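Results of the structural survey
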Amino acid sequence: MNTIINLYRHIDAVFARIRVADGIAPLLLRLYLAPVLMQAGYNKLSHFEDTAAWFGNPDWGLGLPMPEVMTALAAGTEFFGGIALIFGFAIRLISIPLMVTMLVAAFAVHWENGWLAIADANSWLANDRVLEAAERLQRGKEILEENGNYSWLTGRGSFVILNNGIEFAITYFIMLLSLFFTGAGRYFSVDYWLARKFNFQAA
């Protein structure tokens, strides 16, 4: 028993020494999420009218109320939230609207498609939609092999069918949830240095 306790003490001592670098994990989460969110926001802003039309149309879109306002909120949150992530500024606050945006995307846009972002019939998460897509993909490959330069077309990767499931949106939500609880992290964030300067807990 004493041997186990001593082992745990040694392990705890090791982890205590490396806690000085615990700001690296939130930094990497921030730097991973920032370009993804900024690109999504930029796409909405640069195609504002089309995005608003899709947000508002109940027949071929999402049927959301006040589509122009919703577009502006989603695009602004993603784009400027991404910038905040880079600098580690107001991370706990900005994580909240970003998480809401991810949940809206997951349940309003992607939910009916299941989990998978890419249709993979071999996945244990494949639903009927994904399994049916495998036949379409195979037929598409056959057409390209018969009528096109298939080796050139696949020279940078295999053809896939986008399933557009909730996989990415939920993954980003979980990453943002982690940042909400951990904050921006030590040393590599504006929040950390503001907290030190003004003696409050925000990083």
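Okay, so let's go over this structure. Because the structure is a prediction, the values reported are computed rather than measured.

What about the packing of aromatic side chains?
Tallied over the entire structure, the rule returns 8 aromatic pairs. Taken together, a centroid distance of 5.2 Å and an interplanar angle of 40 degrees make the contact between Phe107 and Trp111 tilted. When the ring of Tyr187 is compared with that of Tyr192, the centres are 5.2 Å apart and the planes differ by 65 degrees; the resulting orientation is edge-to-face. An aromatic cluster of at least three residues, connected via ring pairs, comprises Tyr187, Tyr192 and Trp193. Stacked on the ring of Phe198, the Lys or Arg Lys197 has its end atom at 5.7 Å from the ring centre.

Side note on the packing of helix H5 (residues 91-110) against helix H8 (residues 167-182)
Contact geometry for H5 and H8: axes closest at 9 Å, N-to-C directions at 160 degrees. By the angle class used here, H5 and H8 are roughly antiparallel. Relative to H8, H5 is oriented so that their crossing is left-handed. Here Ile91, Arg92, Ser95, Ile96, Leu98, Met99, Met102, Leu103, Ala106 and His110 of H5 come into contact with H8, specifically with Ala169, Ile170, Tyr172, Phe173, Leu176, Leu177, Leu179, Phe180, Phe181 and Thr182.

Some details on unusual backbone geometry
Here the phi dihedral of Met66 falls at roughly 45 degrees; this positive angle occurs in a residue that is not glycine. Examined against the element boundaries, Met66 turns out to sit in the loop between helix H3 (48-56) and helix H4 (67-87). Met66 sits in the exposed class, given a relative accessible area of 56%. Although it is not a glycine, Ala90 sits at a positive phi angle of roughly 55 degrees. Tracing the backbone through its elements, the reader meets Ala90 in the loop between H4 and H5.

Here's the deal with the pattern of salt bridges
Scanning the model with the defined rule gives 4 salt bridges in all. Taking the shortest distance from any N to any O, the salt bridge between Asp22 and Arg186 comes out at 3.1 Å. Remark: Arg186 occurs in the loop between H8 and helix H9 (190-198) and Asp22 occurs in the loop between helix H1 (2-18) and helix H2 (24-46); sequence separation between them is 164 residues. Of the residues examined, Asp22 reaches a relative accessible area of 40% and is grouped as partly exposed. Taking relative accessible area as the criterion, Arg186 reaches 29% and is therefore assigned partly exposed. Between Arg136 and Glu132 there is a salt bridge, with its nearest N and O atoms 2.8 Å apart. Remark: Glu132 and Arg136 occur in helix H6 (residues 128-147); sequence separation between them is 4 residues, near one turn of the helix. Residue Arg136 is classed as exposed on the basis of its relative accessible area of 55%.

Conventions adopted
- Residues numbered from 1 in each chain as written.
- Predicted model: local features only at pLDDT ≥ 70, side-chain atom pairs only at ≥ 80, totals over all residues.
- Heavy atoms only, no water.
- Phe/Tyr/Trp six-rings, centres within 6.5 Å; stacked < 30°, edge-to-face > 60°.
- Lys NZ or Arg CZ within 6 Å of the ring centre and 35° of its normal.
- Axes fitted to C-alpha atoms, helices over the stretch in contact; angles between N-to-C directions.
- Helix = DSSP H or I, 4+ residues; strand = E, 2+ residues; numbered from the N terminus.
- Parallel < 35°, antiparallel > 145°, perpendicular 65-115°, else oblique.
- Left-handed = near helix turned anticlockwise from the far one by under 90°.
- Contact = heavy atoms within 4.5 Å.
- Buried < 20%, exposed > 50% of the residue type's maximum accessible area, 1.4 Å probe, protein only.
- Salt bridge = Lys/Arg side-chain N within 4 Å of Asp/Glu carboxyl O.

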